Amino acid sequence: MNFAMRLTVSMLIFGMGAAAGGIVLQIFLSGKRSRWPGLVLPALTFFWSVVRLCMVRFYMLTLGETISMYLKFFLFRNISTLILLVIYFVIRRGNRRKRQTMLDKMNIHDLG
């Protein structure tokens with residue numbers, strides 16, 4: 001295996017590990033009692049996509065093509081933000097249901 005192929009495989013493995021670590025961290029932060037820690041990673045990815053959008057330039061295009069390219073770039077860069085927000089809302093909803101079930105059990109126990 002040549003150097004370029006090893007480098008590509010290494011970068012792919014590192015990227016997958018970083019993505020998995022980010023998802024695990026998002027699950028952990030979303031499960032916290034306060035809602036704010038779970039919004040940190042989506043905010044960071046959104047901010048980074050805005051920074052990247054400001055850095056990109058599309059030359060030799062009409063105004064309509066330029067707007068279309070910026071919009072596509074922005075949407076593509078925010079896929080990770082959307083995934084993190086879905087994880088956040090799923091975990092928060094699950095925790096809310098779990099707390100409500102616990103309160104219902106305690107109320108039934110108090111009545112009996």
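Fair warning: this is a prediction, and the values are worked out from it, not measured in the lab.

Enquirer: Explain a positive patch on the surface here, please?
Expert: A contiguous patch of positive charge, built from Arg33, Arg93, Arg96, Arg97, Lys98 and Arg99, is present on the exposed surface. Its place among the elements puts Arg33 in the loop between α1 (3–30) and α2 (40–55). Its relative accessible area of 65% is what places Arg33 among the exposed residues.

Enquirer: I keep staring at a nonpolar patch on the surface and nothing clicks. Help me out?
Expert: Taken together, the side chains of Met1, Met5, Val9 and Ile13 define a hydrophobic patch exposed on the protein surface, amounting to about 430 Å² of accessible area. Checked against the element boundaries, Ile13 lands in helix α1.

Enquirer: Just checking my understanding: could you explain the packing of aromatic side chains for this structure?
Expert: Each aromatic ring pair is specified by the distance between its two centres and by the angle formed by the two planes. Tallying each qualifying case throughout the model produces two aromatic pairs. Ring centres of Phe46 and Phe74 lie 5.8 Å apart, and the angle between their planes is 85 degrees; on these two criteria the pair is classed as edge-to-face. Here Phe74 lies in helix α3 (residues 63–77) and Phe46 lies in helix α2, a separation of 28 residues in the sequence. Classification of Phe46 by relative accessible area gives partly exposed; the value is 41%.

Cut-offs and rules
- Residues numbered from 1 in each chain as written.
- Predicted model: local features only at pLDDT ≥ 70, side-chain atom pairs only at ≥ 80, totals over all residues.
- Heavy atoms only, no water.
- Patch = residues over 30% accessible without salt bridge, like charges linked within 9 Å, V, L, I, M, F, W, Y side chains within 5 Å.
- Areas by Shrake-Rupley, 256 points an atom, 1.4 Å probe, with all protein chains shown as cover.
- Salt bridge = Lys/Arg side-chain N within 4 Å of Asp/Glu carboxyl O.
- Lys, Arg positive; Asp, Glu negative; His and termini not counted.
- Charge placed at Lys NZ, Arg CZ, Asp CG, Glu CD.
- Helix = DSSP H or I, 4+ residues; strand = E, 2+ residues; numbered from the N terminus.
- Buried < 20%, exposed > 50% of the residue type's maximum accessible area, 1.4 Å probe, protein only.
- Phe/Tyr/Trp six-rings, centres within 6.5 Å; stacked < 30°, edge-to-face > 60°.

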